Amino acid sequence: MATNLIILGENAARINVKVNPNMTVLKVIELACTKMKANSDDFDLKYHNKILDTTSLIRYTNIANNALLELVPATKSRQNSSVGVWLQVEDGSRLSGEFPSSQNLWEIIKILLKDNFSNYESPAIVYTRMEIIGKEQLQQKTLKDIGLVSGKVLLRLLNKKESEDQAHVYVPAARKPKVEEPPRFLGHRETNANELASVESAKVMATNPQESVDIKPNTDDIAEKSECINMSTYQKNLDNEFKAKDNNKKPTLSNEDLNNFKNSISYLDERDTLLFDIMDGTSVLYQDENDDFFNPTIKDITLVLRDLKNSRAQLEDGQLCTNAMRELEKTQNQLNLLHKYKKCIIRIHFPNRLVLQSIFKSTETVFDIINFIRRYLINESLDFYLFTTPPKTILKPEDTLLECGCVPSAMIHFSCSMETDQLKPELKHKIVSGCQASIAAYLVRKERFSNSSTNETSNDEQPGTSKQLENQNTKTTVYSQQNKKKANSGKTPKWFKPV
């Protein structure tokens, strides 16, 4: 992710601009023009001979860190115009209006909500992956600051506190620093004696900085000490790793806890259907990595080289496949999935961020899911369709879940022409947390894994048709070999005349 950009301005001047992922290209142009003392409305930003969109974020421009960009004169000077704003409230309804690009977000919320503004104690605006929370941040941010100069935009309004601690929030673990392995001395001890002497002298100077000591290293003593030092440091590192693993062990749930949890959940129907809010405990704290994280190591290079060799060997030695062979391979993969996964977990995502989680058989069709959804809709005759993303592919009703690639689990999106809530209002009292839904899905996977393991053991204990076929094949091969031996042991026929 880019954190610093070099912009080539007028008279070949190089300007360093510090950026963050949520900064717009227009903001970068303004920062560069302020250092150049020029008008930002008269310039555009070019990268790889392509003019960048001023409304796009640095996160989505695929610009590398310390990349060189060029500031070029714009074909037409930018002018601030009105922006069409659609504000989506928590209940799913949308409020619209036109505002100038210099209008801040706080005033926009006040104008659109009117009397309902008092219901939001701590309003928050979500746009792409930016979250602007609180009155101060909303007053400081204008439409131009988030890259909106013209056109139309959809903003989502939530009631969210900045200091609110959500449950089950994913925090990326701190990356461990790279630790170099201690050097290994093989055979020639005199070669590394001088290096070890300099290391020991540096340690002495570090412990006693006020005293200067003259050290005359002895190569034999140093070489003997080096092995002891390396072994001790290696053993300490191992002890620290084992201690860290013991401390990082996560508590696991027993079978009794899982069974009690399953009995405590009130499912909506016989399919173990649950309804939960996707915003419950799904926020992710974004953390940028340092530049040294992207530096390849020797291990990374060896793995890349190994993959290149394997791909080249497959291209050179692999046989050509016909359409019939590809279809046969596809059907074999589907049969393997069908044998392994009898049931699949399907989550139907609605526009108001509510999710229906249910269990279906792998052989059921999309039409069965459509009939299942109609049971929970206010208007059962509503026209809607289901699709998966990315990329957006509309599911055909006659296709099975196995053919759609929804096995063993999938997230399916619900779409229709109406923008209001489609689910029945009494279902909102039966909403569970996202943690309960994930544990319920874990129970299904655990049951599926136990069933597959029992089937494998039964197949091993009781010989099936495959073993009988193997025995028959071995008998036929032995019989054919015996016939060949009898034929070879006989005399040469009369009609055979050697040349």
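Participant: Before we go on, may I ask you to explain the pairing of strand β2 (residues 14-18) in this structure?
Facilitator: Moving residue by residue along a regular strand, the side chains alternate between the two faces of the sheet. Burial along β2 is one-sided: the residues Ile15 and Val17 are buried and none of Arg14, Asn16 and Lys18 is. Pairing of strand β1 (residues 4-8) with β2 involves five bridges; the strand directions are antiparallel. In the strand pairing of β2, Leu5 is matched with Val17.

Participant: How should the confidence of the model for the protein be read in this particular structure?
Facilitator: Close inspection of predicted coordinates is inappropriate in any region flagged by low pLDDT. Put simply, the protein has an average pLDDT of 76, and 70% of its residues get 70 or more. Segment residues 164-170: pLDDT under 50, and eleven contacts once partners within four positions in sequence are set aside and those in other chains are kept. Segment residues 483-489 is flagged for pLDDT under 50; beyond a separation of four residues in sequence, or across chains, it makes zero contacts in the model.

Participant: Looking at this model, I keep getting lost on the sheet that holds strand β16 (residues 431-432). Mind explaining?
Facilitator: By definition, the strands of a sheet pair up through backbone hydrogen bonds, in either a parallel or an antiparallel sense. Spatially, the seven strands line up as an open sheet ordered β14-β13-β15-β11-β12-β10-β16, and their pairing is mixed. Both edges of this open sheet fall to β14 (393-394) and β16, since each of them pairs with a single strand only. Two strands pair when backbone bridges link them, and strand β13 (residues 384-388) and strand β15 (residues 409-416) are joined in this way by four bridges, in the antiparallel orientation. Pairing of Leu386 across the sheet is with Phe414, part of β15. Packed on one face of the sheet, helix α9 (residues 366-374) meets β11 (343-349), β12 (354-361), β13 and β15 and runs near 125° to β13.

Participant: Just to check I follow, could you spell out the pairing of β13 for this structure?
Facilitator: Counting buried residues in β13 gives four out of five residues, a clear majority hidden from the surface. The sheet contact formed by β13 and β14 spans two bridges and is antiparallel. Looking across to β14, one finds that Phe387 is bridged to Ile394. The hairpin formed by β13 and β14 contains four residues between the paired strands.

Participant: Before we go on, may I ask you to explain the packing of aromatic side chains in this structure?
Facilitator: For any two aromatic rings, the description comes down to two numbers: the centre-to-centre distance and the angle of the planes. One pass over the structure, following the stated rule, counts six aromatic pairs. Residues Phe350 and Phe414 carry aromatic rings whose centres are separated by 4.8 Å and whose planes lie at 35° to one another, so their mutual orientation is tilted. On the criterion of sequence distance, the pair formed by Phe350 in the loop between β11 and β12 and Phe414 in strand β15 is long-range, its members being 64 residues apart. Residues Phe350 and Phe414 agree in their burial class; the two are buried. A network of ring pairs unites the aromatic residues Phe350, Phe384 and Phe414 as a single cluster.

Participant: Would you mind going over the nonpolar core with me for this structure?
Facilitator: Among soluble globular proteins, nonpolar side chains are generally buried collectively. Among the nonpolar cores identified, the biggest contains 30 residues, and Ile346, Ile348, Ile369, Ile373, Leu386, Phe414 and Leu423 are the most heavily contacted of them. The biggest single contributor to this core is α9, with five residues. If we skip the residues at most four places from it in the chain, Leu386 touches Val366, Ile369, Ile370, Ile373, Thr393, Ile394, Leu395, Ile412, His413 and Phe414. Judged by nonpolar contacts, the second largest core, of 25 residues, contains Val83, Leu105, Tyr120 and Val153.

Conventions used here
- Residues numbered from 1 in each chain as written.
- Predicted model: local features only at pLDDT ≥ 70, side-chain atom pairs only at ≥ 80, totals over all residues.
- Heavy atoms only, no water.
- Buried < 20%, exposed > 50% of the residue type's maximum accessible area, 1.4 Å probe, protein only.
- Helix = DSSP H or I, 4+ residues; strand = E, 2+ residues; numbered from the N terminus.
- Pairing = 2+ DSSP bridges.
- pLDDT = per-residue confidence, 0-100.
- Contact = heavy atoms within 4.5 Å.
- Axes fitted to C-alpha atoms, helices over the stretch in contact; angles between N-to-C directions.
- Phe/Tyr/Trp six-rings, centres within 6.5 Å; stacked < 30°, edge-to-face > 60°.
- Core = buried A, V, L, I, M, F, W, Y, C linked by side-chain atoms within 4.5 Å.

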